[in-house]
Amino acid sequence: GPFFKGRTSSKPWFHRSARVKGSHTAGRNHSRWGRPMEQKLVYAAPAEDVRDIVSAYYFADFPKQALPPAGVVAHERAAIAQIRFILSGSGVTVLPTGSHILVDGPVVQGPTTGLTSYEINEGIRLVGSGLLPCGWHAMTRRSASDYLNSIIAIDENFGQPMHDLVARLKTAQDFATM
């Protein structure tokens, strides 16, 4: 059945991100072979029929060769819940509680109450979306406060439909085809 109840399309919900509004190139560096390596961060607005469950879609690609030797640390203020599919690589999320969590697969991050940091040292490629309250409830059937400042692995908690979705995302050629 559909991942989100009440979908109006038979396509996987991530196909709704096809309308890419624009992209932001986070930076450009050169690989050890002298070729330019781009770090990409791209956002897309959700289609109208899922705007009550998804705030935005995003794609990030930070190849190891493009990272500075010390890695990258990004910070985010208190935020709504997120679903993130790590397609390759890994990172460490530092939650407002001070917990350091290795993220190397698909995860759901509950809402946060303060500064959250993301440390990337080995490169990472991911796609994700912000989950609005209706989207959170459709996915978990629990209060978001149960997941405040926490991360749960999708593998352990969401079953075969998510495994299938992750497999499709990993084989996609680019963000627009996800």
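Once a new chain begins, its residue numbering starts again from 1 and follows that chain's sequence as written. For this predicted model, a pLDDT threshold of at least 70 governs which residues receive local features, and a threshold of 80 or more governs which side-chain atom pairs are given and counted, while totals over whole chains, interfaces and linings are taken from all residues. Note that the side-chain values use all heavy atoms of the structure and ignore hydrogens as well as water.

Focus on the side chain of Thr93
Where we set the bar: A run of DSSP states H or I qualifies as a helix once it reaches four residues; a run of E qualifies as a strand once it reaches two. Both are numbered from the N-terminal end. Categorising residues by exposure relies on relative accessible area from a 1.4 Å probe, with only protein chains included: less than 20% of the type maximum marks a residue as buried, more than 50% marks it as exposed, and the intermediate range marks it as partly exposed. Here, two residues are considered to be in contact whenever any of their heavy atoms come within 4.5 Å of each other.
Position of Thr93 relative to the elements: it lies in strand S6 (residues 91–94). Look at Thr93 and you get buried, because its relative accessible area is 5%. Once residues within four sequence positions are removed from consideration, Thr93 is found in contact with Ser99, His100, Ile101, Val103, Gln109, Thr116, Ser117, Tyr118 and Ile151.

Some words on the environment of Tyr118
What counts, and what does not: Here a polar contact is taken to be a pair of N or O atoms separated by no more than 3.5 Å, where protein atoms must pair a possible hydrogen donor with a possible acceptor and residues adjacent in sequence count only if both atoms sit in side chains.
Along the chain, Tyr118 turns up in strand S9 (residues 116–120). Separated by 46 residues in sequence, Tyr118 and Val72 have C-alpha atoms that sit 8.0 Å apart. Residues within four places of Tyr118 in sequence aside, it is in contact with Val72, Val73, Ala74, Glu76, Arg84, Val92, Thr93 and Gln109. There is a polar contact of 3.2 Å between the side chain of Tyr118 and the side chain of Gln109.

Examining the pattern of salt bridges
The line we're drawing: When a carboxyl oxygen of Asp or Glu lies within 4 Å of a side-chain nitrogen of Lys or Arg, that pair is called a salt bridge.
Applying the stated criterion across every chain yields a total of three salt bridges. When the shortest N-O distance is used, the salt bridge between Lys64 and Glu122 registers 2.9 Å. Of this pair, Lys64 sits in the loop between strand S3 (54–62) and strand S4 (72–76) while Glu122 is found in the loop between S9 and strand S10 (124–131), placing the two residues 58 residues apart along the sequence. For Arg84, the salt bridge is made with Glu76, and the minimal N-O distance between the two is 3.9 Å.

Digging into helix H1 (residues 133–140)
Those residues of H1 lying buried are Gly135, Trp136, Ala138, Met139 and Thr140. Its buried side turned inward, H1 meets strand S5 (81–89), strand S8 (107–109), S10 and helix H3 (160–171).

What to know about the pairing of S5
We apply this condition: Strand pairing requires that DSSP identify at least two bridges connecting the strands.
Within S5, seven of the nine residues are buried, leaving the element largely enclosed by the surrounding structure. Judged from the eight bridges that link them, S5 and S10 form a sheet pairing that is antiparallel. Its bridge partner being in S10, Ser88 is matched across the sheet by Arg125. Sheet topology note: the S5/S8 ladder contains three bridges and is antiparallel. Bridging from a neighbouring strand, Gln82 pairs with Gln109 of S8.

So, the side chain of Thr112
Within the secondary structure layout, Thr112 lies in the loop between S8 and S9. Within the structure, the side chain of Thr112 is placed 2.9 Å from the backbone nitrogen of Ala79, a separation counted as a polar contact. In contact with Thr112, other than residues within four places in its own chain, are Arg77, Ala78, Ala79, Leu95, Pro96 and Asn149.

Re the sheet that holds strand S7 (residues 100–103)
For the record, the criterion: Axis definition: a line fitted to C-alpha atoms, over the contacting stretch in the case of helices. Angles run 0 to 180 degrees between N-to-C directions.
Read from one edge to the other, the open sheet built from four strands follows the order S4-S9-S6-S7, with strand pairing classed as antiparallel. Two strands in the sheet have a free side with no partner beyond their single neighbour: S4 and S7. Looking at each pair of strands side by side, their axes are set apart by 20° on average, direction ignored. Bridging between S6 and S9 involves three bridges; their strand directions are antiparallel. Of the residues in S9, the one forming a bridge with Val92 is Glu119.

In short, shape yes, function no, at least from these values alone.
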